[in-house]
Amino acid sequence: MTTQGRAVPQKAARPSFGKRYWPLLLLAAPLLWLGVLYLGSLLGLLGYSFYGVDDFTGQVVPQFTLSTFRQLVSTPSNIDVIARTTLMAAAVTLACAVIAFPLALYVARLTDPRKKALWVLLITLPLWASYLVRVYAWRLILAQEGVISWAAAKLHLTGVLDGLLSLPVIGGTSLANSYFGMFLVFVYVWLPYMILPIQAALERVPTSVTQASADLGARPAQTFWRITLPLALPGVAAGSIFTFSLTLGDYIIPGVVGAPGYFIGQMVYTQQGAAGNLPLAAAFSIVPIVIVGLYLAFVRRLGAFDAL
């Protein structure tokens with residue numbers, strides 16, 4: 001539109017009511033779920049941890065007290081449960097990183113695009129099966145008459161297997177009743193969650209950087225330790241978030257495979273179920289939240305959130 005040869009700017013049309021508030025309507029359901037059901041449940045859980053239990057009746061006393069947390073940190077068996085779970089989570093995370101990095105490096109750098117999709121499919125294929133089916137299948141594999149014991153007998157390695165089972169702490173009557181067997185199942189179940197973030201981080205490392213390192217005379221090992229690994233470290237940190245937190249809160253694998261000894265998830269289940277001690281169950285539930293929170297603060301410095 002012009003007036004005496006001059007263009008007159010037109011006012012931008014104001015968005016209609018539907019266009020302005022439609023995104024909020026789309027976000028209403030997930031925000032309701034996150035804000036009310038999830039965060040509300042966590043706050044309710046936190047509130048229960050500050051309650052106590054009447055020693056005579058066994059009923060929950062809805063009065064503010066720190067006795068439950070004192071019981072949590074002063075009882076040696078409770079400290080053993082927390083330490084056992086944390087050490088297992090750290091060991092599983094370290095093992096997953098060591099196993100996943102070479103495989104992720106091969107998929108990201110040494111396979112052509114047509115085969116890369118097949119590799120990703122093979123890595124995620126175990127996730128298509130039921131979690132319980134995989135765990136119980138591993139119990140059969142690790143049993144005293146299972147595949148591993150049969151293979152050890154055929155290869156004349158029964159003495160090696162018996163020596164492993166005789167080791168203190170990690171051994172047991174069979175792999176299915178040992179912490180080492182539980183460790184193997186944890187690594188198998190959570191390994192895909194470590195491979196994929198590392199692969200994504202390695203694919204973001206420019207090939208020109210590694211080529212420049214080779215042109216400057218660096219050996220392949222030097223290029224790996226000084227360039228590839230530091231640049232892929234955010235992917236390792238991102239994968240460790242999954243493996244560490246999932247191991248920390250799992251209660252099914254320790255209940256199906258492994259030596260006798262409670263983990264945090266089992267303690268929560270037992271205390272709120274058979275024992276009926278909801279405040280202590282809530283206090284145990286706070287422990288993984290605190291540990292994972294501290295761990296997230298640590299890996300955030302490594303750029304883990306950028307690689308998720």
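Residues numbered from 1 in each chain as written. Predicted model: local features only at pLDDT ≥ 70, side-chain atom pairs only at ≥ 80, totals over all residues. Heavy atoms only, no water.

*Asks:* Just give me the short version of helix H8 (residues 179–203), but keep the residues and values in it.
*Replies:* End to end, H8 covers 35 Å across 25 residues, agreeing with the expected 36 Å (1.5 Å per residue, within 8%). The axis of H8 is deflected most strongly, by about 45°, at Trp190, and proline Pro192 appears within four residues downstream. (Helix = DSSP H or I, 4+ residues; strand = E, 2+ residues; numbered from the N terminus. Expected span 1.5 Å × (residues − 1). Bend = angle between axes of the 7 residues up to and from the residue.)

*Asks:* Requested: an account of the side chain of Gln266, with residues and values cited.
*Replies:* Along the chain, the position of Gln266 falls in helix H12 (residues 264–272). Here Phe263 takes part through its backbone nitrogen, which lies 2.9 Å from a polar atom of the side chain of Gln266. Not counting residues up to four positions away in its chain, the partners in contact with Gln266 are Tyr251, Pro254, Gly255 and Gly261. (Polar contact = N/O pair within 3.5 Å; in protein donor to acceptor, adjacent residues only side chain to side chain. Contact = heavy atoms within 4.5 Å.)

*Asks:* Which residues make up the packing of aromatic side chains, and what are the values?
*Replies:* All chains considered together, the criterion is met by 15 aromatic pairs. Relative to Tyr295, the ring of Phe244 lies with its centre 4.5 Å away and its plane at 20°, an arrangement referred to as stacked. Residue Phe244 is found in helix H10 (residues 220–249), and its partner Tyr295 is found in helix H13 (residues 278–300); the two are separated by 51 residues along the sequence. For the residue pair Phe244 and Tyr295, the accessibility class agrees, reading buried in each case. Geometrically, the ring pair formed by Tyr251 and Tyr269 is stacked, given 5.6 Å between the ring centres and 15° between the ring planes. Here the residue Tyr251 occupies a position in the loop between H10 and helix H11 (252–256), and Tyr269 occupies one in helix H12, the gap between them amounting to 18 residues. (Phe/Tyr/Trp six-rings, centres within 6.5 Å; stacked < 30°, edge-to-face > 60°. Buried < 20%, exposed > 50% of the residue type's maximum accessible area, 1.4 Å probe, protein only.)

*Asks:* Give a description of the nonpolar core that names residues and reports values.
*Replies:* Counting 40 residues, the largest nonpolar core has Met88, Val92, Ile198 and Ile253 as its most contacted members. Those elements that place two or more of their residues in this core are helix H3 (76–109), helix H5 (131–142), helix H7 (158–165), H8, H10 and H11. Element by element, the count of residues in this core is highest for H8, at 13 residues. In this structure Ile253 touches Tyr131, Val135, Met182, Val185, Phe186 and Val189, once residues within four positions along its chain are discounted. By size, the runner-up hydrophobic cluster in this structure holds 18 residues, among which are Leu72, Val287, Tyr295 and Val299. (Core = buried A, V, L, I, M, F, W, Y, C linked by side-chain atoms within 4.5 Å.)

*Asks:* Just give me the short version of the pattern of salt bridges, but keep the residues and values in it.
*Replies:* Counted under the stated rule, the structure contains one salt bridge. For Lys116, the salt bridge identified is with Glu203, shortest N-O distance 3.4 Å. Separated by 87 residues along the polypeptide, Lys116 in helix H4 (residues 113–124) and Glu203 in helix H8 bring together distant segments of the chain. (Salt bridge = Lys/Arg side-chain N within 4 Å of Asp/Glu carboxyl O.)

*Asks:* Which residues make up the environment of Gly171, and what values do they have?
*Replies:* Examined against the element boundaries, Gly171 turns out to sit in the loop between H7 and H8. We classify Gly171 as buried; its relative accessible area is 14%. When the C-alpha positions of Gly171 and Gly258 are compared, they lie 9.4 Å apart, and in sequence the two are 87 residues distant. Apart from residues lying up to four places away in sequence, Gly171 is in contact with Leu164, Leu165, Asn177 and Ser178.

*Asks:* Before we move on, can you summarise the packing of H4 against H8 with the specific residues and values?
*Replies:* Viewed as axis vectors pointing N to C, H4 and H8 meet at an angle of 155°, and their least axial separation amounts to 9 Å. Here H4 is positioned roughly antiparallel relative to H8, judged by the angle of their axes. Both H4 and H8 take part in a crossing whose hand is left-handed. Touching Lys116, Val120, Ile123 and Thr124 of H4 are Pro192, Ile195, Leu196, Gln199 and Glu203, all from H8. (Axes fitted to C-alpha atoms, helices over the stretch in contact; angles between N-to-C directions. Parallel < 35°, antiparallel > 145°, perpendicular 65-115°, else oblique. Left-handed = near helix turned anticlockwise from the far one by under 90°.)

*Asks:* Residue-level account of a nonpolar patch on the surface, with values.
*Replies:* A cluster of nonpolar residues, Leu32, Trp33, Leu34, Val36, Leu37, Tyr38 and Leu39, forms a patch on the protein surface that exposes about 730 Å² of accessible area. In this fold, Leu37 is placed in helix H1 (residues 17–49). The exposure class assigned to Leu37 is partly exposed, which follows from its relative accessible area of 43%. (Patch = residues over 30% accessible without salt bridge, like charges linked within 9 Å, V, L, I, M, F, W, Y side chains within 5 Å. Areas by Shrake-Rupley, 256 points an atom, 1.4 Å probe, with all protein chains shown as cover.)

*Asks:* Lay out the side chain of Gln271 in plain terms, naming residues and giving numbers.
*Replies:* Assignment of secondary structure puts Gln271 in helix H12. On the basis of relative accessibility, which here comes to 12%, the residue Gln271 falls in the buried class. If we skip the residues at most four places from it in the chain, Gln271 touches Gly276, Asn277, Leu278, Leu280 and Ala281.

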